[in-house]
Amino acid sequence: MGHHHNNHHSHHHSTATDGVPQRVNSPRFSGPMTRRAHSFKRTNNTNQNAQNTTSTSTASTLNTHHEIDLPLNSPRSETNANRTDDYEILVEKKHSHLSNVIQRVHLRKKLESLTVDFGFGLELKGRTKWGNWMFLVFCGLILFMGVLKFCAYGWFGSAIERVAYTQDSYDTLVDQQNLRDQQNLRDQKTHGNRNMEGDTEHRGDRNHVEHTLSMVASGVVGNQNSMLDYSEIWSKPNSENFTQCIERTKSQKLVEAKTNGYLLINANGGLNQMRFGICDMVAVTKIMKAALVLPSLDHTSYWADESGFKDLFDWQHFIETLKDDIHIVETLPPEFAGTEPFNKTPISWSKVSYYKSEVLPLLKQHKVMYITHTDSRIANNGIPNSIQKLRCRVNYQALKYSAPIETLGRILVSRMRQDGSPYLALHLRYEKDMLAFTGCSHNLTAEEDEELRSMRYEVGHWKEKEIDGVERRKLGGCPLTPRETAFLLKGLGFPSSTRIYLVAGEAYGNGSMQHLLENFPNIFSHSILSTEEELNPFENHQNMLAGLDYVVALQSDVFIYTYDGNMAKAVQGHRRFENFKKTINPDRMNFVKLVDELDEGRISWKKFSSKVKKLHETRSGAPYMREPGEFPKLEESFYANSLPGCICEKTHR
């Protein structure tokens, strides 16, 4: 463009010494140049001679006066000096016409020169105007392309990075899977006696990888919001302002050498009911300044477990931990070996005053007292802080499980945390005895419902016989079914690859676990994770197996329970004490309503999931104060939430 402009410029400008264009004086032309007026035509030789004479004279005149004159005395016109007057008049007319033309040419050249000097002036002429417009268009196009490139990188740059990250994630997952496959092959060669563990874990790992890859393909992995949601389902609630506070105070008296008598106890119920009873009885022993004989355990419960206290707990650790609180002996001293114990069944949910005024006098009188029932013998609230702290020291420090339980429990935890992945412990309280006790038979057949009803009537101490299971479910009084549990987990956002440890016995009902297993295939239990050799010491010891489940559930990243049984109370209370590990307490009454709406097509899955999340925002085990209720049986258990009592809010100085 610049080159074109320069040529155009030189074509129209004259030199400083004359009005003739520079092209006239170009070195390419050796002879003189003339400019011919447009009104002249070469029609014959005579006219041509006159024209040549006139042009030569005109070139000479332009060099001095910037005008064109046609001299009559040209050397070529001497032979025509005798022309007639008519011819002279004609020449003068032509001379006058040519002068006017030359003047107009000079004026136009000056105007064009002025236009070029102003550059982008108000009037652009000819090719100069179009050249400048083309330059503007070109600059605008370059600017537009630059802006477009910048915007494109801003809009799509992160997407490109996500694609790269997805590819890297895929490669990493594949590499990890290959390594795990190789390790599994080596393990199978080395440990040929493993039962289902290797295959199940291998299958679980592959399912985990396949699910993760499907998440990558669908855009879930790599999406910041989705990853944030995934991390939030495993994160524990905020509890930084709370801490444990169960230490003995300096003013608290140490155990006295003299006692008011000996207490014999028989801890009744299942494992966790027995734990609560033992904690209460240690507190009663302290209140009455008595000595406690190592507890015996109930062997007449539903499971008819023959496990003793020493099978379940580290009994020496139990005695050592509480030595500054109470006297504990393995057996009665010889002087009381033949003494007939006085049987006593304390009133449930009693206060300290009751034991001091009603029970202590009997102990002093008989010296040996046998407590027939131990569960729920002390109130949840209205108890001195020293007694509450003692109950927690028993529950969370003294009642340590026996070595076989603790050892295998740690092994199972490590197997659940394969590759450092989190796991969820699910207390699916859907066993036959619980369904018969509650009268709940949703999704079961008529035959199964009748079987549960018959069992309920056969157990004499179950007072409630006729139960409306449908109404109880609507009120939230039934354990969630395995199918409802699957909806709960999916609604909360847990992916199908989630590793789940099942804290429960066998689920009742033909095919009742099908829906849960189809949606969450990576479900494990102590029988799946353990070898036959590892489980041999636990054979016919259901309470020991329950202790194994307790250990794995306590260490899980998330604990979910589907019914408020004693296992649920014990584990959630312990998890609160251990820095408020995440524990989800389903709102069964409102949740089953959502499930029914979903089944009836009155709500979409997206809406269902949103409402499930909203429903459980404040039900993940965050700190809150336990409050007394109108009736002790209906209020929150001290062992489910020991705040206040054993957990205190930090004081900021």
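Just so it is clear, the model here is predicted, and its values are computed rather than measured.

(A) Local environment of the packing of aromatic side chains. Applying the stated criterion across every chain, the model contains 17 aromatic pairs. Relative to Phe-608, the ring of Phe-487 has its centre 6.2 Å away and its plane inclined at 75°; by these criteria the two rings are edge-to-face. Here Phe-487 is found in helix H16 (residues 482-492), whereas its partner Phe-608 is found in helix H23 (residues 605-615), with 121 residues between them in sequence. Judged by centre distance (6.0 Å) and plane angle (35°), the ring pair of Phe-559 and Tyr-561 falls under tilted. On the basis of relative accessibility, which here comes to 0%, the residue Phe-559 falls in the buried class. Here the basic side chain of Arg-275 rests over the ring of Tyr-550, its NZ or CZ set 4.8 Å away from the ring centre. Directly above the aromatic system of Trp-315 lies the positively charged group of Lys-310, at a separation of 4.2 Å from the ring centroid.

(B) Region of interest: the packing of helix H7 (residues 271-287) against helix H21 (residues 566-577). The N-to-C vectors of H7 and H21 enclose an angle of 60°; their axes lie 8 Å apart at closest approach. Put simply, H7 runs oblique to H21. The two elements H7 and H21 cross, and the hand of that crossing is left-handed. Each of Asn-272, Gln-273 and Phe-276 in H7 lies in contact with H21, whose residues at this interface are Asn-566, Met-567, Lys-569 and Ala-570. When its residues are assigned to classes, the contact of H7 with H21 shows 3 nonpolar, 3 polar and 1 charged.

(C) Inspection of the pairing of strand S7 (residues 368-371) at higher detail. Two elements, strand S2 (residues 262-267) and S7, share 4 bridges in a ladder whose sense is parallel. Bridge pairing in S7 links Leu-263 to Met-369. Across 3 bridges, strand S6 (residues 342-344) lies against S7 in parallel orientation. For Phe-342, the partnering residue across the bridge sits in S7 and is Met-369. Traced from S6 through helix H10 (residues 352-366) to S7, the parallel crossover comes out right-handed.

(D) Seen up close, the pairing of strand S8 (residues 423-427). Among the 5 residues that make up S8, 5 are buried, leaving the element largely enclosed by the rest of the structure. Residues Tyr-423, Ala-425 and His-427 line one face of S8 and the alternating positions Leu-424 and Leu-426 line the opposite face, and both faces are buried. Two strands pair when backbone bridges link them, and S8 and strand S9 (residues 499-502) are joined in this way by 4 bridges, in the parallel orientation. Looking at S9, one finds that Leu-426 is bridged to Leu-502. As paired strands, S8 and strand S11 (residues 558-561) are joined by 4 bridges and run parallel to one another. Looking across to S11, one finds that Leu-426 is bridged to Ile-560.

(E) Representation of the state of the cysteines within the structure. The tally for this structure, following the rule as stated, stands at 3 disulfides. At a sulfur-sulfur separation of 1.8 Å, the disulfide partner of Cys-392 is Cys-646. A torsion of 95° about the S-S bond marks the disulfide between Cys-392 and Cys-646 as right-handed. In this pair, Cys-392 is assigned in helix H11 (residues 385-398) and Cys-646 in the loop between H23 and strand S13 (647-649), connecting sequence segments 254 residues apart. When its relative accessible area of 2% is taken as the criterion, Cys-392 is described as buried. At a sulfur-sulfur separation of 1.9 Å, the disulfide partner of Cys-440 is Cys-478. Handedness here is read from the sign of the S-S torsion; for Cys-440 and Cys-478, about -85°, the answer is left-handed.

(F) Summary view of the side chain of Arg-626. Position of Arg-626 relative to the elements: it lies in the loop between H23 and S13. Among buried Asp, Glu, Lys and Arg side chains, Arg-626 stands out as unpaired, with Glu-636 the closest opposite charge at 6.1 Å. Polar contacts involving the side chain of Arg-626 include one to the main-chain carbonyl oxygen of Pro-644, which spans 3.0 Å.

(G) Broad picture of the confidence of the model for the protein chain. Scored by pLDDT, the protein chain has a mean of 77; 66% of the residues are at 70 or more. In the model, residues 1-87 has pLDDT below 50 throughout and makes 79 contacts with residues more than four positions away in sequence or in other chains. pLDDT under 50 marks residues 110-125. Its contacts with residues more than four places away, or in other chains, come to 12 contacts.

(H) Representation of the sheet that holds S9 in the model. In space, the 5 strands of this open sheet follow the order S10-S9-S8-S11-S12, with parallel pairing throughout. Strands at the two margins of the open sheet, each flanked by one partner only, are strand S10 (523-524) and strand S12 (583-584). Across the sheet, helix H12 (residues 403-416) touches S8, S9 and S10, and the angle it forms with S9 is around 155°.

(I) The arrangement of the packing of H16 against helix H22 (residues 588-599) in detail. Contact geometry of H16 with H22 gives a least axis separation of 11 Å together with a crossing angle of 95°. With respect to H22, the axis of H16 lies roughly perpendicular. Taking contact as the criterion, the partners of Arg-483, Glu-484, Phe-487 and Leu-488 in H16 are, on H22, Phe-591, Val-592, Val-595, Leu-598 and Asp-599. In terms of residue class, the contact of H16 with H22 is made up of 6 nonpolar, no polar and 3 charged.

(J) Seen up close, a nonpolar patch on the surface. A surface patch of nonpolar side chains, amounting to about 540 Å² of accessible area, comprises Phe-138, Leu-141, Ile-142, Phe-144 and Met-145. Relative to the elements of secondary structure, Phe-144 occurs in helix H4 (residues 126-190).

(K) View of the nonpolar core. Core analysis: the biggest nonpolar cluster contains 82 residues, and Met-288 and Phe-318 have the highest contact counts within it. Sort the elements by how many residues they give to this core and H7 lands first, with 10 residues. By size, the runner-up hydrophobic cluster in this structure holds 42 residues, among which are Ile-233, Met-455, Ile-560 and Phe-608.

(L) Just the environment of Lys-253, in detail. Residue placement: Lys-253 occurs in the loop between strand S1 (242-244) and S2. Residue class for Lys-253 comes out exposed when judged on its relative accessible area of 64%.

Here is what the cut-offs are and how they apply
- Residues numbered from 1 in each chain as written.
- Predicted model: local features only at pLDDT ≥ 70, side-chain atom pairs only at ≥ 80, totals over all residues.
- Heavy atoms only, no water.
- Phe/Tyr/Trp six-rings, centres within 6.5 Å; stacked < 30°, edge-to-face > 60°.
- Helix = DSSP H or I, 4+ residues; strand = E, 2+ residues; numbered from the N terminus.
- Buried < 20%, exposed > 50% of the residue type's maximum accessible area, 1.4 Å probe, protein only.
- Lys NZ or Arg CZ within 6 Å of the ring centre and 35° of its normal.
- Axes fitted to C-alpha atoms, helices over the stretch in contact; angles between N-to-C directions.
- Parallel < 35°, antiparallel > 145°, perpendicular 65-115°, else oblique.
- Left-handed = near helix turned anticlockwise from the far one by under 90°.
- Contact = heavy atoms within 4.5 Å.
- Nonpolar A, V, L, I, M, F, W, Y, C, P; charged D, E, K, R; others polar.
- Pairing = 2+ DSSP bridges.
- Right-handed = clockwise from strand over helix to strand, strands pointing away.
- Disulfide = S-S within 2.5 Å.
- Lys, Arg positive; Asp, Glu negative; His and termini not counted.
- Salt bridge = Lys/Arg side-chain N within 4 Å of Asp/Glu carboxyl O.
- Polar contact = N/O pair within 3.5 Å; in protein donor to acceptor, adjacent residues only side chain to side chain.
- pLDDT = per-residue confidence, 0-100.
- Patch = residues over 30% accessible without salt bridge, like charges linked within 9 Å, V, L, I, M, F, W, Y side chains within 5 Å.
- Areas by Shrake-Rupley, 256 points an atom, 1.4 Å probe, with all protein chains shown as cover.
- Core = buried A, V, L, I, M, F, W, Y, C linked by side-chain atoms within 4.5 Å.

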